[in-house]
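Here are the chains, one letter per residue:
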Amino acid sequence: MEDLTDEFKYMATSLFIAFKALLMNETPVACILVNKSTGKIISIGYNYTNASLNGTKHAEFIAVKRLMENDHQINFQDIIMYVTVEPCIMCASFLRQLGINQVIYGCSNDRFGGNGTVLSIHNDKKLIGNTYKSIGGIMRTEAIQLLRNFYIQENESAPVPKVKKNKDIENKLYPPNIFNVNELEFTDYYGLIRKEEIYNQSDKEITPIIGHGYKVSNLVNLQYLKDIPYLEQDMGVVDDEQVNEFFDLFYDIDDNGQVQFSSKIRTYNSKKRHLNDDE
Amino acid sequence: MARRGRTPVVSDYVDIENGIIHGVLKQVRAQDSDSFRSKTASLVEVWCCEIIPTQAQLLANVIRDHINSNDEVSLIHLKRFLKEERSDVTVLKAVLCSTTFLETEEAVMTFIAAHTNIDIKCLYTIEVPKYPARTKEISDLWSDTYWPMSWKGNPNHQFLNSVTFNMDFEKSIVNKLIEKYKQSLTYPCSVTIIAKETENNEGEILAITRSTDCTNPYNHSVMQAIDFISESEKQRRKLATGKHKEPSNYLCHNLWFYVTHEPCVMCCMALVHSRIGRIIYLKESPQSGGLESNYQLGDRDGLNWKFDIWKWIDQKDIDTLDSLGKNLQVEHNVNY
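Now for a look at the structure at hand. (Residues numbered from 1 in each chain as written. Chains lettered and ligands numbered in written order. Predicted model: local features only at pLDDT ≥ 70, side-chain atom pairs only at ≥ 80, totals over all residues.)

**A closer look at the environment of Glu197 of chain A**
All names here are of chain A.
Then, number 1: Here Glu197 is to be found in helix 7 (residues 192-198).
Then, number 2: Residue classification places Glu197 among the partly exposed residues on the basis of 16 C-beta atoms within 10 Å.
Then, number 3: A sequence separation of 59 residues divides Glu197 from Asn256, and the C-alpha atoms of the two residues are 9.6 Å apart. (Helix = DSSP H or I, 4+ residues; strand = E, 2+ residues; numbered from the N terminus. Buried ≥ 20, exposed ≤ 12 C-beta atoms within 10 Å, placed from the backbone.)

**A word on the interface of chain B and chain A**
Many analyses report the size of an interface as the accessible area lost when the parts associate.
Then, number 1: Residue-level contacts link 26 residues of chain B with 22 residues of chain A.
Then, number 2: Put simply, the parts of the chain that give the side of chain B that touches chain A at least two residues each are helix 7 (221-239) and helix 8 (265-273) of chain B.
Then, number 3: Element by element, the count of residues in the side of chain B that touches chain A is highest for helix 7 of chain B, at six residues.
Then, number 4: Counted by class, the side of chain B that touches chain A contains 13 nonpolar, 10 polar and three charged residues. (Contact = placed C-beta atoms within 7 Å. Nonpolar A, V, L, I, M, F, W, Y, C, P; charged D, E, K, R; others polar.)

**Describing the packing of helix 1 (residues 5-23) of chain A against helix 5 (residues 140-151) of chain A**
Residue and element names in this part refer to chain A.
Then, number 1: Where helix 1 contacts helix 5, the axes come no closer than 11 Å and their chain directions differ by 0°. Classified by the angle between their axes, helix 1 and helix 5 sit roughly parallel to one another. Residues Leu15, Ala18, Phe19 and Leu22 of helix 1 touch helix 5, and the partners they reach there are Glu142, Ala143, Leu146, Asn149 and Phe150.
Then, number 2: When the residues that make up the contact of helix 1 with helix 5 are grouped by side-chain class, the tally is seven nonpolar, one polar and one charged. (Axes fitted to C-alpha atoms, helices over the stretch in contact; angles between N-to-C directions. Parallel < 35°, antiparallel > 145°, perpendicular 65-115°, else oblique.)

**Observations concerning the pairing of strand 10 (residues 191-197) of chain B**
Residue and element names in this part refer to chain B.
Then, number 1: The element strand 10 is extensively covered by neighbouring structure, given that five of its seven residues are classed as buried.
Then, number 2: Judged from the seven bridges that link them, strand 10 and strand 11 (residues 203-210) form a sheet pairing that is antiparallel. Looking across to strand 11, one finds that Lys196 is bridged to Glu204.
Then, number 3: A loop of five residues connects strand 10 with strand 11, the two strands running antiparallel in sequence, and Asn200 in this loop sits at a positive phi of about 55°. (Pairing = 2+ DSSP bridges.)

**With respect to the packing of helix 6 (residues 167-182) of chain B against helix 9 (residues 315-324) of chain B**
Residues and elements named next belong to chain B.
Then, number 1: Where helix 6 contacts helix 9, the axes come no closer than 10 Å and their chain directions differ by 10°. It follows from the interaxial angle that helix 6 and helix 9 lie roughly parallel. Between helix 6 and helix 9, the contacting residues are Val174, Ile178, Tyr181 and Lys182 on the first element and Asp317, Thr320, Leu321 and Leu324 on the second.
Then, number 2: Broken down by class, the residue content of the contact of helix 6 with helix 9 amounts to five nonpolar, one polar and two charged.

**Topic: helix 5 of chain A**
Then, number 1: If you check helix 5 of chain A, its first and last C-alpha atoms are 16 Å apart, about what 12 residues at 1.5 Å a residue would give, namely 16 Å.
Then, number 2: Residues of helix 5 of chain A that are buried: Arg140, Glu142, Ala143, Gln145, Leu146, Leu147, Arg148 and Asn149 of chain A. (Expected span 1.5 Å × (residues − 1).)

**What to know about unusual backbone geometry**
Then, number 1: Here the bond from Tyr187 of chain B into Pro188 of chain B is cis, since omega is 0°, no more than 30 degrees from zero.
Then, number 2: In this structure, Pro188 of chain B sits in the loop between helix 6 and strand 10.
Then, number 3: One non-glycine residue, Tyr230 of chain A, lies in positive phi territory at about 70°.
Then, number 4: With a phi close to 70°, Tyr295 of chain B is a non-glycine residue in the positive phi region.
Then, number 5: By the element assignment, Tyr295 of chain B lies in the loop between strand 13 (278-283) and strand 14 (308-312).

**A short note on the sheet that holds strand 5 (residues 43-51) of chain B**
Residue and element names in this part refer to chain B.
Then, number 1: Ordered in space as 6-7-5-8, the four strands form an open sheet in which the pairing is antiparallel. Edge positions in the sheet fall to strand 6 (81-85) and strand 8 (122-129), since each of these pairs with one other strand and no more. Averaged over neighbouring strand pairs, the angle between their axes works out to 35° when direction is ignored.
Then, number 2: The pairing of strand 6 with strand 7 (residues 90-98) spans five bridges and is antiparallel. Its bridge partner being in strand 7, Glu84 is matched across the sheet by Val91.

In structure tokens form, the structure reads like this:
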């Protein structure tokens, strides 16, 4: 695919839901389910482990549960998931058992990734049931930046909260870009030009249009986000201030796919329930 | 965790060679897999320095008092010092800490200077094995290749000799599992019991769940049981008032799980996320299970939690389960 604008809109939507989760003191990971033929967003999910006191309430479980409650005859082969972080081993197995068509994720999950980083649950032929397609890399620096905004806080529900040492997340580089697919699968999804330019360039980001940079505020706006099903009903009103706070968390990406560390960003501070200027 | 005695005594109910206790509980460990036997070490980068031998005690104190308890990477499986005779002088090389604990050379120097007055001659990074070796042979090999390892006998043998079970209690739980399995109206299904350790190695049952539809991942008995625990904790917190607040329970921290079938990959990872203490299961699930059959999820380096895994191998209990599931052509094709 040459033009990935729609895919970026979907991922930006998931990222905004993840931001709303952060405001609710949850790990900022979220997903949406999209009907493959209509392109419609049919469910949303976000990490809900803190409020539920349940370590299995990951975004994927919330999104699918909602869908199953509304409709008992779901063909998961019609559904694509856009999730900000590579599904963990548990979620990868869950999605495979459902028979999902495809998973598109932002950043890889170094600790628990089940779609290629730690284990390849999505396509391991030793396991029963169908495998599924999976690819990473869309808006992965934004997904990482959201997580960094979360991890500089302290986990107050852990038995012994750890004191975080490195709180400086501005100007911090991103780990190498890993897509967890082979060349063919990469080309199949991202197209030949990106394969030549990005596949072996681990510091270059995917952009919606080849040769053009982007900023998150180009992708979604207030009205678009207000119209996302279940979002306001579940997570409270979406307003202009909140959407702007969300945009301000991320660096711009330039025409060469490089992160513009010179662009000004802000960090989220849960104590003040507000964003800090980085000056 | 299973209780560990202070002075391990070799007992007649332990079969060290096969990891079997009381003839019915078989330890399931990664040692049966290739990766366990692998001689390739997972490596971690550490700071190594050189000092004059007379300052060894000073440095050992700093490591003991200020590094070991703060460094996320445990290095206690390494010998900390290595003496090196050079043509004119004897130097002592020492492993200080991981490079994740102190990231830069400057940070190391500042840290050392803040705690003691040692003359660091030379500071550089090296790679050493991240985890203890599992056999003496591998320990020797790694000592020659990377850095001297400290070998204090097979850690698992020590564990097996000190682990204790209250067999009357364990048998009663297995009977309950089978009883509940028998009462099912639909097969295939699985049953999960969660217990919390009380006194005398006994446990108090907190949840019993049974799946009715294994094709629905939410319905797996392990997932239902985990949900039950979080729901009860939410209720408990709601009802606990002011002064009488008990300490909060964290997820399924250190709880005991009993399951009729080796849980699927999803459920096994859910157990890792839920920080359980131990699982005992009866039947393996070769094409779907996440323990002995695939990945060994509760006993895997690299994930952030491990739990003890045991398989109940009493043949008459297995036969009972089999006789109930006998007509199930599909049984091996199921995610439990």
